[in-house]
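Residues per chain, in single letters:
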Amino acid sequence: MNVRKYGTCLFLALFAVLAACSQGNQNVNPVSRTEVDELKGALQLLQSKQGSVESLLSEFDSLKNTVQSEKDKQQRLMEAVDNELSGLNADVAAVKQAERDRYKAVLDLKSRVYTPVATPSGSFLLVVEGVEATRGGSTVSLLVGNPLAAAVQGFKLNASWGGRPPEAANASPAAASQAYSQWEKSLLKKEFTFSDRLESGKWNKITCDLEKFAPRDLGYLGITLTPQEIVLQR
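Residues numbered from 1 in each chain as written. Predicted model: local features only at pLDDT ≥ 70, side-chain atom pairs only at ≥ 80, totals over all residues. Heavy atoms only, no water.

1. Section: the overall build of the chain
- Scanning the chain for helices and strands turns up three helices and nine strands.
- Listing the helices and strands of the chain from first to last along the sequence gives α-α-β-β-β-β-β-α-β-β-β-β.
- Taken over 234 residues, the chain has a buried fraction of 26%.
- Total accessible area on the chain is roughly 16,300 Å²; 53% of this is exposed by carbon and sulfur atoms. (Helix = DSSP H or I, 4+ residues; strand = E, 2+ residues; numbered from the N terminus. Buried < 20%, exposed > 50% of the residue type's maximum accessible area, 1.4 Å probe, protein only. Areas by Shrake-Rupley, 256 points an atom, 1.4 Å probe, with all protein chains shown as cover.)

2. Brief notes about the pattern of salt bridges
- This model, assessed by the stated rule, comprises five salt bridges.
- Residues K205 and E129 are paired through a salt bridge, measuring 3.3 Å at the closest nitrogen-oxygen approach. Note that K205 is positioned in strand β7 (residues 202-211) and E129 in strand β3 (residues 122-133), a separation of 76 residues in sequence.
- Classification of K205 by relative accessible area gives exposed; the value is 53%. (Salt bridge = Lys/Arg side-chain N within 4 Å of Asp/Glu carboxyl O.)

3. Some details on the sheet that holds strand β2 (residues 115-119)
- The antiparallel open sheet is built from four strands, whose spatial order is β2-β3-β4-β7. Unpaired on one side and paired on the other, β2 and β7 mark the two borders of the sheet. Ignoring which end each strand starts from, the neighbouring axes of this sheet average 35 degrees apart.
- As paired elements, β3 and strand β4 (residues 137-146) share eight bridges and run antiparallel to each other. Within the sheet, the bridge partner assigned to G130 lies in β4 and is S141. (Pairing = 2+ DSSP bridges. Axes fitted to C-alpha atoms, helices over the stretch in contact; angles between N-to-C directions.)

4. Some points on the nonpolar core
- L107, L142, L157, L210 and L221 are the most contacted members of the largest nonpolar core, which has 26 residues in total.
- Among the elements that line this core, the one with the most residues is strand β5 (residues 151-162), at five residues.
- In contact with L157, other than residues within four places in its own chain, are L142, K190, E191, F192, F194, I206, C208, I223, T224 and L225. (Core = buried A, V, L, I, M, F, W, Y, C linked by side-chain atoms within 4.5 Å. Contact = heavy atoms within 4.5 Å.)

5. What to know about a nonpolar patch on the surface
- A contiguous nonpolar patch, built from L77, V81, L85 and L88 and spanning about 360 Å² of accessible area, is present on the exposed surface.
- Mapped onto the elements of the fold, V81 is located in helix α2 (residues 33-102). (Patch = residues over 30% accessible without salt bridge, like charges linked within 9 Å, V, L, I, M, F, W, Y side chains within 5 Å.)

6. Re the side chain of N146
- Position of N146 among the secondary structure elements: in strand β4.
- Among residues more than four places away in sequence, those in contact with N146 are F124, A151, V152, L198, E199, S200, G201 and K202.

7. A word on the environment of S200
- Tracing the chain through its elements places S200 in the loop between β6 (188-198) and β7.
- Once the C-alpha coordinates of S200 and L148 are considered, the two residues, 52 residues apart in sequence, prove to be 5.7 Å apart.
- For S200, the side chain forms a polar contact with the main-chain oxygen of L148, separated by 2.4 Å. (Polar contact = N/O pair within 3.5 Å; in protein donor to acceptor, adjacent residues only side chain to side chain.)

8. Some details on the packing of aromatic side chains
- Summed over all chains, the structure comprises three aromatic pairs.
- Judged by centre distance (5.2 Å) and plane angle (45 degrees), the rings of Y180 and W183 are tilted. Remark: W183 and Y180 occur in helix α3 (residues 173-186); sequence separation between them is three residues, near one turn of the helix.
- Counting every residue linked through ring pairs, the aromatic cluster contains Y180, W183 and Y220. (Phe/Tyr/Trp six-rings, centres within 6.5 Å; stacked < 30°, edge-to-face > 60°.)

9. What about the pairing of β4?
- Within β4, ten of the ten residues are buried, which leaves it mostly tucked inside the rest of the structure.
- Counted along the chain from β3 to the antiparallel partner β4, the turn is three residues long.
- Pairing of β4 with β7, which is carried by ten bridges, proceeds in the antiparallel orientation. Residue pairing across strands places L143 opposite K205, the latter belonging to β7.

10. Some points on the pairing of β2
- Because side chains alternate across β2, one face comprises the buried residues T115, V117 and T119, and the other comprises P116 and A118, none of which is buried.
- Here β2 pairs with β3 via five bridges, running antiparallel. Bridge pairing in β3 links P116 to L125.
- In this antiparallel pair of consecutive strands, β2 and β3, the connection spans two residues.

See below:
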């Protein structure tokens, strides 16, 4: 029961007893002065305790508000940390993608223009010599040129291919970004390993079978080249 309400009830009871005694009501049992004094003392004690309890309740409410404020601050801090981590993760992903793109060459499928492809060992040259239809897609003939002073023994080609990239001229930035992301996910990828020796200052012909895309549908071919062994003359 609420302390204030209990004290009020006790006060009303004491008042009723005193009123009955003063009127000499015969239906009320006689109450001694000692009992009245005890009731008065209990009421005074209760009133004094009431102030202490209300003070404690006030302090408890203040403490609860302080705890809630600290929880809110911690929540805001965690949200800020999460936002910073998301930003850092996006930056790291962008740096990694830029590093991968630094070694990727996008080849011209319609002309015999050479395209330089950078590698950690130096730059090489790639030319699309021709594209022929096969039952499963296309076969692309490539010329790999080695302008380095050293020969290369064995290399790998990582190819990604698919349809033409989406046009973004009339699209909003958000729509263009979404369309490009969907296009990137649709690209097929494969690693080709060659044991050919790329002699210094020479062109070397290789072929790559690209699945699911006929020559008329093939609109994109990205290549990265990784030399396996650099051969120098002694």
